[in-house]
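Chains, contacts and geometry: an overview
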Amino acid sequence: MNVKSIFFIFLAVTQINILFAQDYFITSRDPSAPIELPYDRFIQPAGKQILFGDNELENHALDCAISPDGFWLAVQERSSIVIISINEPKIVFTYFLKDFPGVEGLMNNFSGITWYNFENNLHLLWSASGTRNDQSCVIQAAWDGKKLEIVDYFKFNPRLPARKAIPNEILINRESGKDFLYTVLNGNDQVIKQDMGTKDTIWVKPAGIAPYGIARSGSKIYITNWGGGIPDEKDRNVAAAPWSLAKVDSLTGATREGSVTVLDMVTGRKIKDIVVGLHPNEIMADKKGAFIYVTNSNSDNVSVISSATDEVVETISVRLGDDSNKYLGDSPNGIGLSRNGKVLYVANGLDNAIAVISLGRNSSLKGKDSASMVTGFIPTGAYPSSVVPTFDHHLLVTNLEGEGVGIPAKLNNSNVDYYNVHHMLTSVSKIPLPNKKSLKEYTNQVIAHNQLNRLTKTDLPSRQGVKAKPVPERIGEPSLFRHVLYIIKENRTYDQVLGDMKEGDGDSSLCIFGEKVTPNTHKLAREFTLLDGFYVSGKSSAEGHQWSDASIVSDYVEKNMRSWLRSYPHVQNDALVYNPSGFLWDNALRHGKSVKIYGEACIPVMDRNLTWKELFENYQNGQSFEFKNVTTLEPVKKILSQEYPCYGNNAITDILRAEAFIRDLQKYEGMEGDQLPELMVMALPNNHTAGTRPGFPTPRAMVADNDLAFGRIVDAITKSRFWPETVIFVIEDDSQGGWDHVSAYRSIGMVISPYSRINRTIHTRYNQPSVVRTIEQILGIPPMNIQDAIAPVMFDCFNEDGDFASYNALPNLIPLDEMNPPLTGLNGKALKFARESMEPQFDQIDSGYDDQLNRILWFAAKGNVPYPGKFVGGE
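All figures in this text were calculated on a predicted structure; none of them were measured in a lab.

Let us look at the overall build of the chain. Along the backbone of the chain there are 17 helices and 47 strands. For 875 residues, the compact-globule formula gives about 29 Å, and the C-alpha radius of gyration of the chain, at 27 Å, lands near that figure. Over its C-alpha atoms, taken along the principal directions, the chain stretches across nearly 80 × 70 × 60 Å. Counting over 875 residues, the chain shows a buried share of 65%. Taking as baseline every contact in the chain between residues at least 6 positions apart, the subset at least 24 positions apart corresponds to 65%. By element, 50% of the accessible surface of the chain is carried by carbon and sulfur atoms, the whole surface being about 30900 Å². Across the chain, the 86 positively charged side chains and the 102 negatively charged ones have centroids separated by 3 Å.

Rendered as C-alpha cells:
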C-alpha cells in the first residue's frame, strides 16, 4: 500500500470535536490523520492545535508575540486579536476589529504586534488598516489578564501615490527616559519615529521599496524592504510595486533585489543599504544585538548580518530535502531564536514546517561549528507565518491557513458540515521542542507530506531513440504534440456547470449552467474526457492566476489574502507578487519555444462608456472598436496579441474574442511551414458574468456566450492543419467560493486533443499545477519551481491511438442578448439582487464579494429555490 493510500485511510477515520467559545471556536482532531491540501501537499501538525476563527470569514493568523511575563500569546489574526493563555493553552479573549470605532472595514496588516510595559501595566500594540478607505493606524490596548481595552491609536496618512500608509512592524524603545514608537510604513516606503507620550513625530525617513520588518541593535535599526532599494533613475528595468517603482528582472518581471536599510535611531540618518535575498520578510536580532537574522521568502534562505560591520556574514539555505531538491518554493517568512541563542527556527510557509537551524560561529556568539546547518524540520499547520520559543521549551507557531478547508467547518454552530474556500479557520500550534530522534522522525514526515519523492521521476534524464508519445514519460523526450493552447476561464465549480452529467460525480440540484446553457462544454466532455476530480489550488482570482500562470503563489500573495491592501493582482499588475522562477510563458521562452498570449496578464484600454449592447451590435454588424491591450510585464509585451481583447469590465463578448483568435489562426494557416506558436495562453473570462446588473446580459446568457466562443475555438482548431499536433487544456482560475458537493476547490478541467478521445470519466485528482506540469512535459521544458515539479502529470488523459476527426461546435440555446431587466418593475429579491449587482464593488475585474455574487447567480438561475447554504455556509 502506498503512502497516499494510507493518507486517505487516515482521512476517512478523522474525528472532529468542536468546542464553542463566544463567536470563535476551538477544534481538535485526530493528529494521526493527515489533511490533503489542494496543491499536492499534506499537513499533519505536531503538538497541540488551537483552531479558531469567525465561522463567517476567511481567517488568517498573521503574527504573534509573547508577553514579557511569558503568560500570554497575542495573535494578530486578520480581523481580530486573540489572546491565548500559553500554559493551558486556551483562548481567553478575542477582540474583533469590527468593534473598533471610526475606521470602516478595519483589518490587520501583514504583521506587526508587540507587548509594551506602560506604567507597570501591560499594553499591546498592533498595526491595522481600513480596507474601504485610506485610514491606517497602530492600535494601543491595555491588557488586565481578562480583556483588552483600547486606550489610544496612532494614525498614519498615505503619501501619494500610495492609497494607504500600511503601518506594519513596530518597535518600542526607551531613550532618555521617554518611550518612542518606530513604525515601518509599507505603503509609504518610509519609517517614522514618534514620542509615545505626546505622539509628536520626531522624524520620518525613506526606507526601500515596500518596507516590512524592523529590528534593533544598539543605536541602529534595520528595516527589510520587500522590493529592495530605490531604483536609480537610469535603471530601465523597473515596474509597479505598486505605488512605487521596484527593480525587476527583465526576463520575468519579478523583483530582482531585496534589501535591509540601516538607520541611526536618534537622527534617522541612513547608514547603509545591505543587499540580501529576495522578498526579505521577518527580521530579528539576537539578545546582544551582535547578529541580525533575515528571512528571504523568494530565495529560500536566511541572511545573517553582523551588526559590527553591517555586512552579510552567512547565507543559510532552508530548502527542504537534500541537495537533489533544486526547486524554489519553501517561502521562509517567520523567524524565532532559541533562548540560549544557539538555534534559529524558521517558518517555511509552503513546506508547512519549521526549519531548525543550528547556528555556527559566523552567525552566533555561542555557535560551535564553522557553518550553520539545518538539522531538521517540524511539521505545522498550513502555511506557518510566525514562530516564537516559550519559556517552557515549546514553540508557538501561527498557521496562516490553519488546516485549510480540507475538513469541514460547522454551519452556524449546527451539526451541518460545509466547505467554503472563504470560510476557513486559522490556528496556533504549541509544539514541544523535539529531541534528535523525534526531529529526525518529524523531518521524514515533512519530506513525505511534501511529496519530494516525486522529484526522483521528475529529474530523470531523457533517453535517446524513444518513440514519440502524446505526453512523454520524461522531460525532453519527444511528444506527438507541437502546439499547446491553454485556456483559462473565470470562477466556476464542477457542480455549477457539469453537475448534471450522469457520467461523473455530480449533483444536478446544484447545477445552474447545465447542458442547455453550456452545450459545447458538455459535448466536449463526453466526446473527449470528463474530469470529475479536478481542483483549483487557490481561493480567489488574485491567487488563482498565480497558480494558473506560475504554478505557485508567493509569500506576498499569502500575506495579502482577503485584505489585498496593496493590490489585487488578477491581471498580473504588481511586481511584488511574482515568483523569481517566472511564469509558464517565461519558462517556454527561456527554452526556445514560441509563445503568444491572448488576453492573459493584461487589461484593455478602451472607451469605458461603450455599453455591452453597443459593442455587441458592432460585432453583429462586422464593425470593430478601438482598444489597446496593456501589461506591466515587460516580457509579455512582445508576445501579447493586440487583436484579442483582454478582460475589462464585462462589456466585451467572448465570441468577439473567439473570432479574433480564429482570424489569427487562419493567418498562421496561410503562412509557409508551421509558424503557429508552440504555447498559446488564453483568457476566456465571461463565464464570470455581471450578475443581474441592468444593461448586461443575464448570467446564463454570458455563460452561453463563453460556451459558444469555446466551442468555436475548438471547432476552428480541429478543422485546421495544426489539429493533429495540438492539445487544448481548459481550466477555471478559481471556484469563487461557490458550492460543490465534493469540495470547495473542485472545478472544471478539460483536455482536448486527437489523443484524448477516450470517452470515459477520469476520477484522478488533478489540479492547476498538474496542467502546468503536463504542458511543460509536452513542450520538453523543465519545471519552474517545486509545485510543478511535484505535480502529477496527466498521463491518463491521453492514449496513443489518435482520432483526428474534427469537432463541430453547437449553437447557443440561450440568446446571447437576453438582457437583465431594468430596475423598473422589479421587486422583492429580483430588485435587491439587481441593485447589489450595480454596486461599485462589481465594476471592475473579478471585484466584489464572492458570496454576494454567488447568491445573485443562484437566484437568477433557480428563483426562490433555497440557496445551498449547506455547501457554502450561510442561510
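This part covers the nonpolar core. Core analysis: the largest hydrophobic core is formed by 74 residues, its most contacted members being Tyr486, Trp585, Leu679, Phe729, Ile775 and Phe798. Mapped by element, the contributors of at least two residues to this core are strand 37 (483-489), helix 6 (541-550), helix 7 (555-560), helix 8 (584-590), strand 40 (595-598), strand 43 (679-683), strand 44 (726-732) and helix 13 (768-779). Considering every element that reaches this core, the biggest residue donor is helix 13, with 5 residues.

Moving on, we come to the packing of aromatic side chains. Taken as a whole, this structure holds 27 aromatic pairs when the rule is applied. For the pair Phe93 and Trp143, a centre-to-centre distance of 6.2 Å together with 55 degrees between the ring planes defines the contact as tilted. Taken as a pair, Phe93 in strand 9 (residues 90-96) and Trp143 in strand 12 (residues 136-143) lie far apart in primary sequence, 50 residues in all. Here the aromatic rings of Trp858 and Tyr867 are separated by 6.3 Å at their centres, their planes lie at 90 degrees, and the arrangement is edge-to-face.

Below, the discussion takes up the pairing of strand 15 (residues 178-185). Across the 8 residues of strand 15, 7 count as buried, placing the element largely inside the fold. Relative to strand 15, strand 14 (residues 167-175) runs antiparallel, the two sharing 7 bridges. Following the sheet pairing, Pro167 is matched in strand 15 by Leu185. Connecting strand 15 to the antiparallel partner strand 16 (residues 190-195) that follows it, the hairpin turn spans 4 residues, and Asp189 within it adopts a positive phi of roughly 60 degrees.

Below, the discussion takes up helix 2 (residues 436-449). Because an α-helix packs 3.6 residues into every turn, residues spaced three or four apart end up facing the same way. The end-to-end C-alpha separation of helix 2 is 20 Å, in line with the 20 Å expected for 14 residues at 1.5 Å each. Of all the positions in helix 2, only Leu439, Tyr442, Thr443, Gln445, Val446 and His449 are classed as buried. Viewed end-on, helix 2 has its buried residues packed into an arc of 165 degrees, placing them on one side of the element. Of the exposed residues in helix 2, those oriented more than 90 degrees away from the buried face are Lys436, Lys437 and Lys440.

Once that is clear, we can look at unusual backbone geometry. In this structure, the amide linkage connecting Leu160 to the following residue, Pro161, adopts the cis form with an omega of 10 degrees. Note on placement: Pro161 falls in the loop between strand 13 (148-156) and strand 14. The omega torsion of the bond from Ala241 to Pro242 falls at -10 degrees, within 30 degrees of zero and hence cis. As for its position among the elements, Pro242 is in the loop between strand 20 (238-240) and strand 21 (245-247). For Arg562, which is not glycine, the phi dihedral falls at a positive 80 degrees. Mapped onto the elements, Arg562 comes out in the loop between helix 7 and helix 8. The backbone of Trp564 shows a phi angle near 45 degrees, a positive value even though the residue is not glycine. Topologically, Trp564 is positioned in the loop between helix 7 and helix 8.

Using the criterion set out here, one finds 1 disulfide in the structure. Covalent S-S linkage joins Cys602 and Cys646, the inter-sulfur distance amounting to 1.8 Å. Note on the Cys602 and Cys646 pair: the S-S dihedral is about -95 degrees, so by sign convention the disulfide is left-handed. Residue Cys602 is located in the loop between strand 40 and strand 41 (603-606), and its partner Cys646 is located in the loop between helix 10 (634-637) and helix 11 (654-669); the two are separated by 44 residues in the primary sequence. Judged on exposure class, the residue Cys602 and its partner Cys646 are both buried.

Two strands in a sheet stick together by hydrogen bonds in their backbones, pointing the same way (parallel) or opposite ways (antiparallel). What the 4 strands build is an open sheet, ordered 6-7-8-9; its pairing is antiparallel. Of all the strands in the sheet, just strand 6 (61-66) and strand 9 have a single pairing partner and so form its edges. Recorded for the sheet is a direction-independent mean angle of 20 degrees between the axes of neighbouring strands. Relative to strand 7 (residues 72-77), strand 6 runs antiparallel, the two being bridged by 5 bridges. Counted as the bridge partner of Cys64 is Val75 from strand 7.

We now examine the packing of helix 5 (residues 519-527) against helix 12 (residues 699-718). Viewed as axis vectors pointing N to C, helix 5 and helix 12 meet at an angle of 45 degrees, and their least axial separation amounts to 7 Å. For the element pair helix 5 / helix 12, the angle class is oblique. Contact residues: Pro519, Asn520, Thr521 and Leu524 in helix 5; Asp707, Leu708, Phe710, Gly711 and Val714 in helix 12. In terms of residue class, the contact of helix 5 with helix 12 is built from 5 nonpolar, 3 polar and 1 charged.

The rules behind the values
Residues numbered from 1 in each chain as written. Predicted model: local features only at pLDDT ≥ 70, side-chain atom pairs only at ≥ 80, totals over all residues. Heavy atoms only, no water. Helix = DSSP H or I, 4+ residues; strand = E, 2+ residues; numbered from the N terminus. Rg over C-alpha atoms; globule rule 2.2 N^0.38 Å. Buried < 20%, exposed > 50% of the residue type's maximum accessible area, 1.4 Å probe, protein only. Contact = heavy atoms within 4.5 Å. Areas by Shrake-Rupley, 256 points an atom, 1.4 Å probe, with all protein chains shown as cover. Lys, Arg positive; Asp, Glu negative; His and termini not counted. Charge placed at Lys NZ, Arg CZ, Asp CG, Glu CD. Core = buried A, V, L, I, M, F, W, Y, C linked by side-chain atoms within 4.5 Å. Phe/Tyr/Trp six-rings, centres within 6.5 Å; stacked < 30°, edge-to-face > 60°. Pairing = 2+ DSSP bridges. Expected span 1.5 Å × (residues − 1). Arc of directions from axis to C-beta. Disulfide = S-S within 2.5 Å. Axes fitted to C-alpha atoms, helices over the stretch in contact; angles between N-to-C directions. Parallel < 35°, antiparallel > 145°, perpendicular 65-115°, else oblique. Nonpolar A, V, L, I, M, F, W, Y, C, P; charged D, E, K, R; others polar.

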